[in-house]
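Chain residues, written in single-letter form:
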Amino acid sequence: MKTMDQKTPKKLWGFFALLFAMVCGSLMSPLFKTALSLGAAPLGVAFWRMVMTVGVIFLLCRVKSGLWQDVKTIVRERKLFFEVLGMGLMRGFEVICWSLSLSMSGTFVVNILGNITPIFTIILVYLLYRERTAMGAILSVGLSLVGVVLIGLNGSATGGAPLLAFIIMPLSSFAYGVYLLLGREVTKRVAAPALMLFVFAVTMVMVLIFGTVSGMSMALPTSALPYVGLIALCCTLLSQTITSWCMKSLKPTTISVMNLFSPVLSATAAWLLIGEAVAPSILLGGGVVLLGLFLYLMAAERSK
């Protein structure tokens, strides 16, 4: 007689795991804003989030000899090292932009604008690899841009974004697009924990340098430390580790489509936990963005 585990399809476990990872990730924005309300500075939260994350990953890599061997490989191979360094710089820029944007904008807007990476991916893939994109995918991205414009026109509404945040969040998406492209080959050569150790370490240093040079506060009261710890362990390490595991049982397109609903989960979590509301006009613009991105993923899948 088969057990319950044997009857349950592997994909179903993948769906549940990915949903759990998305819920963990959705807590980042309300936890971040709670830390800010306790007197923490945006860059302070970003920096100590990276310190805690790097510390845990470093211990993991030291315990497992195979992972430490990958760390040595990154250090030894010059080309690989600079590719990983580039990934770290892009991720660092993305973290800085996201942190500053969230400190001045609504959760829903920041996460919607952070989800438009496919727009920049199409441009970068064509410029770097001359890979053409199906017309349906391009039109779908155009629809997403209409949604971005709608959000921008309603920036003064509840849950909207000031001009500065509206500018730097797309830049954050651009940086993340470059990060993904740089990682196309790197992720095939080294294990994810070893790669993330370097990426997050570079991000940590970059945030520290940016805060020092810009003169921006990096304050973090002790009362905010538990929230930053949850961001590092739950929203960063646990969420990304589970998502990586899900790639073994779910198609990349499936994961991408499900991740489109992350802004909705984040906005819901922010509403339930910190009472942050979103204006209907902003929801409309966000809905258009998500619809465009969904159609883009479907068109891209059909063209394969």
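Provided above is the structure to which this section pertains.
Remember, predicted model here, so these are calculated numbers, not experimental data.

(A) Structural context of the overall build of the chain. Counting secondary structure elements, the chain contains 15 helices and zero strands. The buried share of the chain, taken over its 304 residues, is 48%. When the accessible surface of the chain is totalled, it reaches about 15100 Å², and 71% of it is carbon and sulfur.

(B) A look at the environment of Gly92. Position of Gly92 relative to the elements: it lies in helix 6 (residues 78-104). Spatially, the C-alpha atoms of Gly92 and Phe200 are 7.7 Å apart, while their sequence positions differ by 108 residues. Excluding residues that lie within four positions of it along the chain, Gly92 makes contacts with Thr203 and Met206.

(C) Just a nonpolar patch on the surface, in detail. Taken together, the side chains of Leu12, Trp13, Phe15, Phe16 and Trp245 define a hydrophobic patch exposed on the protein surface, amounting to about 510 Å² of accessible area. Examining the composition of the nonpolar patch, we find that four residues originate from one element, helix 2 (residues 10-26), more than from any other. On the secondary structure map, Leu12 appears in helix 2.

(D) Layout of the packing of helix 4 (residues 42-63) against helix 11 (residues 192-214). Their axes nearest at 9 Å, the elements helix 4 and helix 11 cross at an angle of 150 degrees. Taken together, the axes of helix 4 and helix 11 lie roughly antiparallel to each other. As helix 4 packs across helix 11, the resulting crossing turns out to be left-handed. Each of Leu43, Ala46, Phe47, Met50, Val51, Thr53, Val54, Ile57, Phe58, Leu60 and Cys61 in helix 4 lies in contact with helix 11, whose residues at this interface are Pro193, Ala194, Met196, Leu197, Phe200, Ala201, Thr203, Met204, Val207, Leu208, Phe210 and Gly211. Looking at the contact of helix 4 with helix 11, its residues break down into 20 nonpolar, three polar and no charged.

(E) Representation of the pattern of salt bridges within the structure. The tally for this structure, following the rule as stated, stands at four salt bridges. The partner of Lys33 in a salt bridge is Glu276, and the shortest N-O contact between them spans 2.8 Å. Within this pair, whereas Lys33 is found in helix 3 (residues 28-37), its partner Glu276 is found in the loop between helix 14 (262-274) and helix 15 (280-302), the two being separated by 243 residues in sequence. For Arg189, the salt bridge goes to Glu77, with nearest N and O atoms at 2.2 Å. On the criterion of sequence distance, the pair formed by Arg189 in helix 10 (residues 163-189) and Glu77 in the loop between helix 5 (65-76) and helix 6 is long-range, its members being 112 residues apart. Judged by relative accessible area, Glu77 falls into the partly exposed class, the value being 31%.

(F) Local environment of helix 5. Over its 12 residues, helix 5 extends 16 Å from the first C-alpha to the last, a length consistent with the 16 Å expected when each residue adds 1.5 Å. Among all positions in helix 5, only Leu67, Asp70, Val71, Thr73 and Ile74 are buried. When helix 5 is viewed along its axis, its buried side chains cluster within an angular range of 160 degrees and face the same direction. Exposed and facing more than 90 degrees away from the buried side of helix 5 are Ser65, Val75 and Arg76.

(G) View of the side chain of Glu94. Summarising the element assignment, Glu94 is placed in helix 6. The contacts of Glu94, once residues within four sequence positions are left out, are Ser172, Ala175 and Tyr176.

Each value, and the rule that gives it
Residues numbered from 1 in each chain as written. Predicted model: local features only at pLDDT ≥ 70, side-chain atom pairs only at ≥ 80, totals over all residues. Heavy atoms only, no water. Helix = DSSP H or I, 4+ residues; strand = E, 2+ residues; numbered from the N terminus. Buried < 20%, exposed > 50% of the residue type's maximum accessible area, 1.4 Å probe, protein only. Areas by Shrake-Rupley, 256 points an atom, 1.4 Å probe, with all protein chains shown as cover. Contact = heavy atoms within 4.5 Å. Patch = residues over 30% accessible without salt bridge, like charges linked within 9 Å, V, L, I, M, F, W, Y side chains within 5 Å. Salt bridge = Lys/Arg side-chain N within 4 Å of Asp/Glu carboxyl O. Axes fitted to C-alpha atoms, helices over the stretch in contact; angles between N-to-C directions. Parallel < 35°, antiparallel > 145°, perpendicular 65-115°, else oblique. Left-handed = near helix turned anticlockwise from the far one by under 90°. Nonpolar A, V, L, I, M, F, W, Y, C, P; charged D, E, K, R; others polar. Expected span 1.5 Å × (residues − 1). Arc of directions from axis to C-beta.

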